[in-house]
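# Reading the structure
Take a look at the letters that make up each chain.
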Amino acid sequence: MWTGEEILQILESEGIKRGTSVYIYNLGMITQNVNNIKKYFDGWNILYSMKANPNIDILKRIFQLGVGIDAASKNEVLLAKKVGFEKEKIFYSSPGKTYRDLEECHDKCTIIVDSMNEILRLSKIGKLQDKKIKVGVRVNITNDYMTGNAFEVMGGVTSKFGISIEEFKNATEIYSDHPNIEIIGLHVYFGSQILNKDILVNNLILIAEFANLFCKEIKLEFVNFGGGFGIPYKYNDEKLDIQYIGKNEKLKYAIGNLQRNGIRCNLELGRYLVGNAGIYITSVEDIKVSYDKKYVILASGFNGFFRPIFTKEFHIIEKCDSKIDECESITLVGNLCTPMDQYYEDIVFPKLDIGDWIWFHNAGAYGYTMCLLEFISHDKPLEIIISGDEQWDI
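The sections below set out a description of the structure shown in this document. (Residues numbered from 1 in each chain as written. Predicted model: local features only at pLDDT ≥ 70, side-chain atom pairs only at ≥ 80, totals over all residues. Heavy atoms only, no water.)

Judged by side-chain polarity, L372, F375 and I376 come together as a nonpolar surface patch covering roughly 220 Å² of accessible area. Relative to the helices and strands, L372 is located in the loop between strand 18 (357-360) and strand 19 (382-386). Judged by relative accessible area, L372 falls into the partly exposed class, the value being 35%. (Patch = residues over 30% accessible without salt bridge, like charges linked within 9 Å, V, L, I, M, F, W, Y side chains within 5 Å. Areas by Shrake-Rupley, 256 points an atom, 1.4 Å probe, with all protein chains shown as cover. Salt bridge = Lys/Arg side-chain N within 4 Å of Asp/Glu carboxyl O. Helix = DSSP H or I, 4+ residues; strand = E, 2+ residues; numbered from the N terminus. Buried < 20%, exposed > 50% of the residue type's maximum accessible area, 1.4 Å probe, protein only.)

One turn of an α-helix holds 3.6 residues; hence residues three or four places apart share an orientation. Turning to helix 1 (residues 4-13), its buried residues number three or more, namely G4, E6, I7, I10 and L11. Across the axial projection of helix 1, the buried residues extend over an arc of 160 degrees, all falling on one side. Of the exposed residues in helix 1, those oriented more than 90 degrees away from the buried face are Q9, E12 and S13. In this fold, the buried residues of helix 1 make contact with strand 1 (22-26), strand 13 (278-290), strand 18 and strand 19. Looking one or two places after helix 1, you find G15, whose phi comes out positive at around 70 degrees. (Arc of directions from axis to C-beta. Contact = heavy atoms within 4.5 Å.)

For the rest of this paragraph, the subject is the side chain of N224. Secondary-structure assignment places N224 in strand 11 (residues 222-226). The buried category is assigned to N224, whose relative accessible area is 0%. Those residues in contact with N224 that lie beyond four places of it in its chain are L47, F91, I112, L186, H187, V188 and N266.

Quick look at unusual backbone geometry now. Negative phi characterises most residues that are not glycine, and trans characterises most peptide bonds. For Y291, which is not glycine, the phi dihedral falls at a positive 50 degrees. Relative to the helices and strands, Y291 is located in the loop between strand 13 and strand 14 (293-298). Here the phi dihedral of K312 falls at roughly 65 degrees; this positive angle occurs in a residue that is not glycine. Counting through the fold element by element, K312 comes out in the loop between helix 12 (307-311) and strand 15 (317-319). A relative accessible area of 67% means that K312 is categorised as exposed.

Glancing now at the environment of E285. Within the element layout of this structure, E285 appears in strand 13. Its relative accessible area of 26% is what places E285 among the partly exposed residues. Counting along the chain gives 211 residues from E285 to K74, while the straight-line C-alpha distance between them is 39 Å. What E285 contacts, discounting residues up to four positions off in sequence, is R18, G19, I297, L298, A299 and I354. One polar contact links E285 to R18, side chain to side chain, over a distance of 3.3 Å. (Polar contact = N/O pair within 3.5 Å; in protein donor to acceptor, adjacent residues only side chain to side chain.)

Right, let's talk about the environment of P308 for a bit. The topology assignment puts P308 in helix 12. A residue is classified by how much of its surface remains accessible, and P308, at 3% relative accessible area, is buried. Those residues in contact with P308, other than ones at most four positions away along the chain, are E313, H315, Y343 and Y344.

Now for the pattern of salt bridges. Per the stated rule, a full pass over the model turns up 16 salt bridges. Put simply, K108 and D107 hold a salt bridge, and the shortest N to O gap is 3.4 Å. One salt bridge in this structure joins E221 and K134, with 3.8 Å as the shortest N-O distance. Here the residue E221 occupies a position in the loop between helix 8 (197-214) and strand 11, and K134 occupies one in strand 6 (residues 133-140), the gap between them amounting to 87 residues. Salt bridges sharing common partners tie together K74, R100 and E104.

Attention shifts here to the packing of helix 8 against helix 10 (residues 249-260). Closest axis-to-axis distance for the helix 8/helix 10 pair is 9 Å, and the angle between their directions is 30 degrees. One way to sum up the angle between helix 8 and helix 10 is to call them roughly parallel. When the axes of helix 8 and helix 10 are compared, the crossing they make is left-handed. Residues L204, I205, A208, E209, A211 and N212 of helix 8 form the contact with helix 10, whose own contacting residues are K250, L251, A254, I255, N257 and L258. (Axes fitted to C-alpha atoms, helices over the stretch in contact; angles between N-to-C directions. Parallel < 35°, antiparallel > 145°, perpendicular 65-115°, else oblique. Left-handed = near helix turned anticlockwise from the far one by under 90°.)

With that out of the way, let us pick up the pairing of strand 18. Here strand 18 shows two buried faces, one formed by W357 and W359 and the other by I358 and F360. By the bridge criterion, four bridges tie strand 13 to strand 18 in an arrangement that is antiparallel. By the bridge assignment, T282 is partnered in strand 18 with I358. The pairing of strand 15 with strand 18 spans three bridges and is classified as antiparallel. (Pairing = 2+ DSSP bridges.)

All right, on to the pairing of strand 16 (residues 327-333) then. The element strand 16 is largely enclosed, with a buried count of five among its seven residues. Direction of pairing for strand 14 relative to strand 16: parallel, over a ladder of three bridges. Bridge pairing in strand 16 links Y295 to T331. Where strand 16 and strand 17 (residues 342-350) come together, six bridges link them in antiparallel fashion.

Moving on, we get to the packing of aromatic side chains. Taken as a whole and assessed by the stated rule, the structure comprises 21 aromatic pairs. Taking the centre distance of 5.1 Å and the plane angle of 80 degrees together, the rings of F63 and F85 count as edge-to-face. Linking F63 in helix 3 (residues 56-64) with F85 in the loop between helix 4 (74-83) and strand 4 (90-93), this pair joins segments that are 22 residues apart in sequence. Looking at F85, the relative accessible area reads 3%, which means it is buried. Seen from their ring centres, Y280 and F305 are 5.2 Å apart, and the 40 degrees between their planes marks the pair as tilted. With Y280 in strand 13 and F305 in the loop between strand 14 and helix 12, the pair connects residues that are 25 residues apart, well separated along the chain. Exposure remark for F305: the relative accessible area of 0% places this residue in the buried category. (Phe/Tyr/Trp six-rings, centres within 6.5 Å; stacked < 30°, edge-to-face > 60°.)

In structure tokens:
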């Protein structure tokens, strides 16, 4: 794992001065995360959800590892192509794709249609270009276990994501009426940051069983399984047992049925591959007491690391030095001119002084690009890459 001493050495070697905020990404930890998934999910393909972190060096490492891409925008598709990913390894899935998005991307990736209107738009494009466009379909199938078991619920219940089962019956009729469209795949995603291994097994089996029924009606080439695998953010979060999930006999049987029919099973993961491989470091710039409450003001706030403020989900923080100091109650805030710029209120933390460096754990996913980087025109955080190809205790 990361250590404060190692972080300080990196800052010193890079010439980083106090007042600068920094993300550090360890490519070796990403490699290890990918290899762990490959070890326990034998026969699966892996897709990386690029929105978790589109840093170019991370994408290059993902490419080297033979992982595919789940893109959520036209520009993510174009970036993946720039890195070198082939069309067959890029899947573009998001709601609200414009006609222009579809027109520019349909020959650079596999479009995962998210609505019946997207099918109609692609059919029009195919007709105008006198070609058949192969697509996947995101389907929202019922899942009673999801509510309360994911940080963000995106399927299994009413949602803006995907086509409901009832609506998809009409979609298949539309497909038959439009010879320029060929459905070759399914995509199902229920939610993110799930730490309950039994819920994840249930989700994957549910998708596989649906796909096994569906492939009797339409010949499938692939099924994209939205993973939603969580990572431990808080002190009492338990590390996910991926061996338990990947080796589940009922899941292996359901997947085996698909694979015997020549259907590729793609496991889509984002934060699980990169979350623990990144940290966010910033310095203490001011300390003040107001009406008996002690405020520690950092060199940047949600323009540097927005996720803990936006999601209200706790990220473990530590001092970078190893001094053991007495603890005190503090309210940790950023330096932005708004009261919303507050990380944690009245937490007990080792005593901090102006000039101290602190770091946030698990900042490799939904960090830099999730921030309001332009707000109040402060300097943007830096991003540093280390190869880190030794073994890590992850």
